[in-house]
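Read off the chains here:
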Amino acid sequence: MSEDIRAKRVTMVFEGRGTPVTALEDVDLLVPAGSFGAIIGPSGCGKSTLLRLAADVLGATAGSVTIGGRTPAVARRDHKLGFVFQSPTLLPWRTVRQNVELPLDIVGRSRASGAHSATDLIKLVGLEGFDNALPHELSGGMQQRAAIARALMLRPTILLLDEPFGALDEITRQRMNLELLRIWADTGTTALLVTHSIAEAVFMADRVYVMSPRPGRITATIEVVLPRPRTLEMMKSSAFFDYVNRVRDGLFGREAQEMAQAASVSVEAY
Ligand SMILES: Nc1ncnc2c1ncn2[C@@H]1O[C@H](COP(=O)(O)OP(=O)(O)O)[C@@H](O)[C@H]1O
Ligand SMILES: [Mg+2]
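Residues numbered from 1 in each chain as written. Chains lettered and ligands numbered in written order. Predicted model: local features only at pLDDT ≥ 70, side-chain atom pairs only at ≥ 80, totals over all residues.

> Sorry if this is basic, but what is going on with the environment of Q174 here?
Examined against the element boundaries, Q174 turns out to sit in helix α7 (residues 170-187). Spatially, the C-alpha atoms of Q174 and G188 are 21 Å apart, while their sequence positions differ by 14 residues. (Helix = DSSP H or I, 4+ residues; strand = E, 2+ residues; numbered from the N terminus.)

What follows is the structure in structure tokens.
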């Protein structure tokens, strides 16, 4: 069963020692159950903050975030949330299998009755044969595969991914994106991915949520109606470019783009 993610008029103010920072202001968001959502926006606009609110790592200053109608705290208690961070957060002294099984050790194996088998998950993410490898023996991409397997261990309905492949080279990243889509389709989770790549957002998502600079608000939601499974070939289609341009318009505004275009035309004419 999949569940939706909703944010209603969410505001997040960080009360630091200095002046308070409003990271999010009146954010409204709906990620339909079972869909793949992508959040894109400039650095510091509150993308990670929004994901942390959904993950119950932070509590909103105002407004509400719900997972299938329940609070993130309840969803987290029920192991409905899987989280993958930008840098793989594997424990260096534990093998791949031990890392993937970490959630079992945390909640207690007796209470994790519905959990996946680590063997199945290791296979799902393409790490067969590396059960006993230590993180430092793996490439960055492989480490993220293990982190994804770990996030899926307790069969979450929601997969939250904060720039999971940001540190990887372009080719590995493309491959990992395809793998992630396959895993998402296989597990039937609702996925919400933070990315700073427009092409990646369009390639992956059913809906791209465009955020404004801080204080972050969702300024555009673009529905991407491209067939699934997505293929790299689709990235060459005119439909794909249309979506990319729409996201770009949402991010930079049409005016700014037209100015940039005019500037480049005049440079060429020179
Ligand atoms: N724990 C925190 N305490 C104080 N300020 C924070 C904290 N977390 C994030 N911020 C601030 O909130 C804003 C949004 O941060 P973040 O959500 O990490 O942005 P993004 O992920 O889009 O780059 C930034 O100005 C950041 O400095
Ligand atoms: Mg971030």
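> Sorry if this is basic, but what is going on with helix α6 (residues 140-152) here?
Taking 1.5 Å per residue, 13 residues should reach 18 Å; α6 reaches 19 Å between its end C-alpha atoms and fits that length. The element α6 is largely enclosed, with a buried count of 11 among its 13 residues. Along α6, the residues classified as buried are M142, Q143, Q144, R145, A146, A147, I148, A149, R150, A151 and L152. For α6, the secondary structure elements touched by its buried residues are β5 (81-84), α3 (96-100), α4 (102-107), α5 (118-124), β6 (158-162) and α7. (Expected span 1.5 Å × (residues − 1). Buried ≥ 20, exposed ≤ 12 C-beta atoms within 10 Å, placed from the backbone. Contact = placed C-beta atoms within 7 Å.)

> Would you mind showing me how to read the nonpolar core here?
The nonpolar side chains of a soluble globular protein tend to be buried with one another. Ranked by internal contacts, the top residues of the largest apolar core, which has 71 residues, are I40, A54, L160, V208 and V247. Take this core: its biggest share by element is 7 residues, from α6. Contact partners of I40, with chain neighbours within four places excluded, come to T195, H196, I198, A201, V208, V210, M211, V247 and L251. (Core = buried A, V, L, I, M, F, W, Y, C linked by C-beta atoms within 7 Å.)

> I would appreciate a short explanation of unusual backbone geometry in the present structure.
Most peptide bonds adopt trans geometry, and most residues besides glycine take a negative phi value. Of the consecutive residues R214 and P215, the connecting peptide bond is found in the cis state with omega at 0°. Relative to the elements of secondary structure, P215 occurs in the loop between β8 (207-211) and β9 (218-223). For the bond running from R228 to P229, omega is 0°, close enough to zero to count as cis. With respect to the secondary-structure elements, P229 resides in the loop between β9 and α9 (238-252). Non-glycine residue D26 carries a positive phi angle of around 50°.

> Help me out: how do you make sense of the site of ligand 1 in this one?
Near ligand 1 there are 13 residues, and of these F14, A23, K47, S48 and T49 occur at the shortest range. Elements with a contribution of two residues or more to the shell around ligand 1: β2 (21-31) and α1 (47-54). A total of 3 residues in the shell around ligand 1 trace back to one element, the largest contributor, which is α1. Tallied by class, the residues present in the shell around ligand 1 amount to 4 nonpolar, 7 polar and 2 charged. (Near = placed C-beta within 6 Å. Nonpolar A, V, L, I, M, F, W, Y, C, P; charged D, E, K, R; others polar.)

> Would you mind showing me how to read the sheet that holds β8 here?
Spatially, β5-β6-β7-β3-β8-β9 is the arrangement adopted by the 6 strands of the open sheet, whose pairing is mixed. Strands with a single pairing partner mark the edges of an open sheet, and in this sheet they are β5 and β9. In this sheet, adjacent strand axes meet at a mean angle of 15° when their direction is disregarded. Pairing between β5 and β6: 4 bridges, direction parallel. Paired with G82 across the bridge in β6 is L159. Against the sheet, α1 contacts β3 (36-40), β6, β7 (190-195) and β8, and its axis sits at roughly 155° relative to β7. (Pairing = 2+ DSSP bridges. Axes fitted to C-alpha atoms, helices over the stretch in contact; angles between N-to-C directions.)

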